[in-house]
Amino acid sequence: FDTRFLKGELVRMSERVGFELRCSNMLTGCVTVKIKYADFEVTTRQTTISFCASDNIIIETAKDLFHKLYDTSQPVRLVGVRVSHLVPGNYQIKLFDDTPEMIKLYQAVDSVKQQFGTGMLKRAAAVNLPEYDAYYHSKQALK
């Protein structure tokens, strides 16, 4: 199965979860990834994290869990990201990890999503464009 597509879906879901956490003034302390294969076998793995609502942390944690779970020999039916251990609160700036620019970026992205909808702005990794892939590969073949 297309691993890039699955990772893109993880990024998309993680972004959405982070946005919903920030809108609800909640923080998460646990990230879970679930994979269901074509034979309906389900595997899940979770890990605790420092309480946050950061897309970057949720995405990296979800990708790490996915790599530990994913069996490349089986087709995937479902992939999911879940957060738990929720507590009320606003995002706490991490002194050495977060820059003022990153905080401003999150605020600007959240503002656009609130005004125009969550699908209007997303990371490039969350965009799955088969037509771009076909165009890119046709250009590479011409070289």
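Our structure's up above, just so we're on the same page.
Please read these numbers as outputs of a predicted model, since none were measured by experiment.

Asker: Hey, could you go over the pairing of strand β2 (residues 42–52) for me, with residue numbers and the actual values?
Answerer: Two faces, one strand: in a regular strand the side chains alternate between the faces of the sheet. Both strand β1 (residues 26–37) and β2 contribute to a ladder of 8 bridges, which runs antiparallel. When the sheet's bridge partners are listed, Cys 30 is paired in β2 with Thr 48. What sits between the antiparallel neighbours β1 and β2 is a turn of 4 residues, in which Phe 40 has the positive phi angle 70 degrees.

Asker: Explain the pattern of salt bridges residue by residue, including any values.
Answerer: Two side chains with opposite charge may pair up if their charged atoms get near one another. The tally for this structure, following the rule as stated, stands at 5 salt bridges. Between Asp 110 and Arg 22 there is a salt bridge, with the nearest N and O atoms lying 2.6 Å from each other. Of the two residues, Asp 110 is situated in helix α3 (residues 100–116) and Arg 22 in helix α1 (residues 3–23); the sequence distance between them amounts to 88 residues. Judged on exposure class, the residue Asp 110 and its partner Arg 22 are both buried.

Asker: Can you tell me about the packing of α1 against helix α2 (residues 55–69), naming the residues and giving the values?
Answerer: Geometrically, a packed helix pair is captured by the angle between its two axes and the distance between the axes. Where α1 contacts α2, the two axes come as close as 9 Å, and the packing angle between them is 145 degrees. The interaxial crossing formed by α1 with α2 has right-handed handedness. In contact with Thr 3, Leu 6, Lys 7, Leu 10, Val 11, Ser 14, Glu 15, Val 17, Gly 18, Phe 19, Leu 21 and Arg 22 of α1, α2 contributes Asp 55, Ile 58, Ile 59, Ala 62, Lys 63, Phe 66 and His 67. Here the contact of α1 with α2 is composed, by residue class, of 10 nonpolar, 4 polar and 5 charged.

Asker: Any details on the pairing of β1? Residues and values, ideally.
Answerer: Counted residue by residue, β1 has 9 buried out of 12 residues, so it is predominantly covered. Bridge analysis of β1 against strand β3 (residues 76–84) gives 8 bridges, and the strand direction is antiparallel. Within β3, the residue paired with Cys 30 across the bridge is Ser 84.

Asker: Give a description of the packing of aromatic side chains that names residues and reports values.
Answerer: Counted under the stated rule, the structure contains 1 aromatic pair. For the ring pair Phe 66 and Tyr 70, a centre distance of 4.9 Å and an interplane angle of 20 degrees mean the geometry is stacked. The pair Phe 66 / Tyr 70 is uniform in exposure class, with both members buried.

Asker: Which residues make up α3, and what values go with them?
Answerer: The α-helix winds at 3.6 residues per turn, so residues separated by three or four positions along the chain end up facing the same way. An ideal rise of 1.5 Å per residue puts 24 Å on 17 residues; α3 measures up with 24 Å between its terminal C-alpha atoms. Within the sequence span of α3, burial applies to Ile 103, Tyr 106, Val 109, Asp 110 and Lys 113. Seen from one end, α3 has its buried residues packed into an arc of 130 degrees, which puts them on one side. Turned more than 90 degrees from where α3 packs its buried face, Pro 100, Glu 101, Lys 104, Gln 107, Gln 115 and Phe 116 sit exposed.

Asker: Tell me about α1, and name the residues and values.
Answerer: Helix length check: α1, at 21 residues, gives a terminal C-alpha distance of 30 Å against a target of 30 Å (1.5 Å per residue), a fit within 8%. Its side-chain oxygen 3.1 Å from the backbone nitrogen of Arg 4, Asp 2 forms the N-cap of α1. One or two steps after α1, the chain reaches Asn 25, where phi turns positive at roughly 50 degrees.

Here is what the cut-offs are and how they apply
- Residues numbered from 1 in each chain as written.
- Predicted model: local features only at pLDDT ≥ 70, side-chain atom pairs only at ≥ 80, totals over all residues.
- Heavy atoms only, no water.
- Pairing = 2+ DSSP bridges.
- Helix = DSSP H or I, 4+ residues; strand = E, 2+ residues; numbered from the N terminus.
- Salt bridge = Lys/Arg side-chain N within 4 Å of Asp/Glu carboxyl O.
- Buried < 20%, exposed > 50% of the residue type's maximum accessible area, 1.4 Å probe, protein only.
- Axes fitted to C-alpha atoms, helices over the stretch in contact; angles between N-to-C directions.
- Left-handed = near helix turned anticlockwise from the far one by under 90°.
- Contact = heavy atoms within 4.5 Å.
- Nonpolar A, V, L, I, M, F, W, Y, C, P; charged D, E, K, R; others polar.
- Phe/Tyr/Trp six-rings, centres within 6.5 Å; stacked < 30°, edge-to-face > 60°.
- Expected span 1.5 Å × (residues − 1).
- Arc of directions from axis to C-beta.
- Polar contact = N/O pair within 3.5 Å; in protein donor to acceptor, adjacent residues only side chain to side chain.

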